[in-house]
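These are the residues of each chain, in order.
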Amino acid sequence: MDLEPPKDAWEDWANELYEQGVACELTATLRIAYVDANGQKTFRTITTEKFARTPDGGVVAAYCHMRQARRPFRIDRVQFAAEPETGTRIDDLLGWLQQRYAGTTNGQRDVFMDRHADSILALHHVAKADGAVRAGERAIFQAFCQDVGPLSPEAAEAVVALAAKMVQSSAIMYGRALKDLAERDEPYRRKVLQAAEAMLGTDKAVKDAERHALKRLREALGL
């Protein structure tokens, strides 16, 4: 008869990994040696779901095949990790997770949004000046992302989908984005301006708010 494995000393389940959008989604199967809060060491196979950097070095939310349940694993308590299929040892687990995530669609999206935050905010401000980001504007936005990325169509679509959910930025926030954009090289600034102009060209009737937003953009970029 199989004996039930001894109970673990688990920290409280990190619900914020699932509820507050602070973690990166990544599915990967790992074989790990884990030491719990009581110093008990177990070997187990886990399938990761999300991970996040923390002051302690990181946490992985995963399905534990031994416990047949979700568990949070503190990365600083993982004494050994390896890929089951190849047996390749993973010395830097957080770095390995981040590298794997960077190759996913959402990983590409996150990197792009960090590098191009100023242009994303500016184009979103122009597009939503009339209250909505329409299909034609989304298509132009996506083409811009693929042009300056470069991004796969799926990653560019993910950028636009996330940007479309943003609330309209204030005049002050728009001004800050324009100030940062003004520091970019001229070819990049021209691409931003051309995308903004094309967005207004998709409307049957351009509203004053859109004209004003585009005028501010053109003046800030010096084009």
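Residues numbered from 1 in each chain as written. Predicted model: local features only at pLDDT ≥ 70, side-chain atom pairs only at ≥ 80, totals over all residues. Heavy atoms only, no water.

1. Structural notes on the pattern of salt bridges
Side-chain pairing between opposite charges can occur once the charged atoms of the two side chains come close.
Right, on to step 1. A full pass over the atoms with the stated rule returns eleven salt bridges.
Right, on to step 2. Two residues, glutamate 186 and arginine 190, come together in a salt bridge whose shortest N-O distance is 2.9 Å. Here arginine 190 and glutamate 186 lie together in helix α8 (residues 186-201), a separation of four residues that amounts to about one turn.
Right, on to step 3. Residue glutamate 186 is classed as partly exposed on the basis of its relative accessible area, which comes to 38%. (Salt bridge = Lys/Arg side-chain N within 4 Å of Asp/Glu carboxyl O. Helix = DSSP H or I, 4+ residues; strand = E, 2+ residues; numbered from the N terminus. Buried < 20%, exposed > 50% of the residue type's maximum accessible area, 1.4 Å probe, protein only.)

2. Remarks on the packing of helix α7 (residues 171-181) against helix α9 (residues 208-221)
Right, on to step 1. In contact at an axis separation of 9 Å, α7 and α9 are set at 30° when each is read in the N-to-C sense. When the axes of α7 and α9 are compared, the pair comes out roughly parallel. In this structure, α7 crosses over α9, and the sense of that crossing is right-handed. Where α7 abuts α9, its residues Ala171, Tyr174, Gly175, Leu178 and Leu181 lie against Ala213, Arg216, Leu217, Ala220 and Leu221. (Axes fitted to C-alpha atoms, helices over the stretch in contact; angles between N-to-C directions. Parallel < 35°, antiparallel > 145°, perpendicular 65-115°, else oblique. Left-handed = near helix turned anticlockwise from the far one by under 90°. Contact = heavy atoms within 4.5 Å.)

3. A few points about the nonpolar core
Right, on to step 1. By size, the foremost hydrophobic cluster in this structure holds 36 residues, and its most contacted members are Leu123, Phe141, Phe144, Cys145, Tyr174, Leu181 and Leu217.
Right, on to step 2. Of all elements in the fold, only α3 (105-115), α4 (117-127), α5 (135-148), α6 (153-164), α7, α8 and α9 reach the threshold of two or more residues within this core.
Right, on to step 3. For leucine 123, the contacting residues outside a window of four places in its chain are Phe141, Phe144, Val192, Ala195, Ala196 and Met199.
Right, on to step 4. Ile32, Val78, Ile90 and Tyr101 belong to the second largest nonpolar core, which has 20 residues in total. (Core = buried A, V, L, I, M, F, W, Y, C linked by side-chain atoms within 4.5 Å.)

4. Section: the packing of aromatic side chains
Right, on to step 1. A complete count under the given rule lists three aromatic pairs for this structure.
Right, on to step 2. Aromatic pair tyrosine 34 and phenylalanine 73: ring centres 5.0 Å apart, planes at 90°, arrangement edge-to-face. Of this pair, tyrosine 34 sits in strand β2 (residues 29-35) while phenylalanine 73 is found in strand β5 (residues 69-74), placing the two residues 39 residues apart along the sequence. With respect to burial, tyrosine 34 and phenylalanine 73 carry one shared label: buried.
Right, on to step 3. Ring geometry for phenylalanine 144 versus tyrosine 188: centroids 6.3 Å apart, planes at 70°, classification edge-to-face. With phenylalanine 144 in helix α5 and tyrosine 188 in helix α8, the pair connects residues that are 44 residues apart, well separated along the chain.
Right, on to step 4. On the accessibility criterion, phenylalanine 144 (5% relative accessible area) is buried.
Right, on to step 5. Since its relative accessible area comes to 9%, tyrosine 188 is described here as buried.
Right, on to step 6. Seen from the ring of tyrosine 188, arginine 184 lies directly overhead, with NZ or CZ sitting 4.3 Å from the centre. (Phe/Tyr/Trp six-rings, centres within 6.5 Å; stacked < 30°, edge-to-face > 60°. Lys NZ or Arg CZ within 6 Å of the ring centre and 35° of its normal.)

5. With respect to the pairing of β5
Right, on to step 1. Bridge count between strand β4 (residues 59-64) and β5: six bridges; the pairing is antiparallel. The partner of valine 59 across the bridge, within β5, is arginine 74.
Right, on to step 2. The antiparallel hairpin formed by β4 and β5 contains four residues in its connecting segment, where glutamine 68 sits at a positive phi of about 55°. (Pairing = 2+ DSSP bridges.)

6. So, the confidence of the model for the protein chain
Right, on to step 1. When pLDDT is averaged along the protein chain, the result is 87, and 89% of the positions lie at 70 or above.
Right, on to step 2. Confidence, expressed as mean pLDDT per element, reaches its minimum in the protein chain at helix α1 (residues 16-19) with 54 and its maximum at strand β6 (residues 78-82) with 96. (pLDDT = per-residue confidence, 0-100.)

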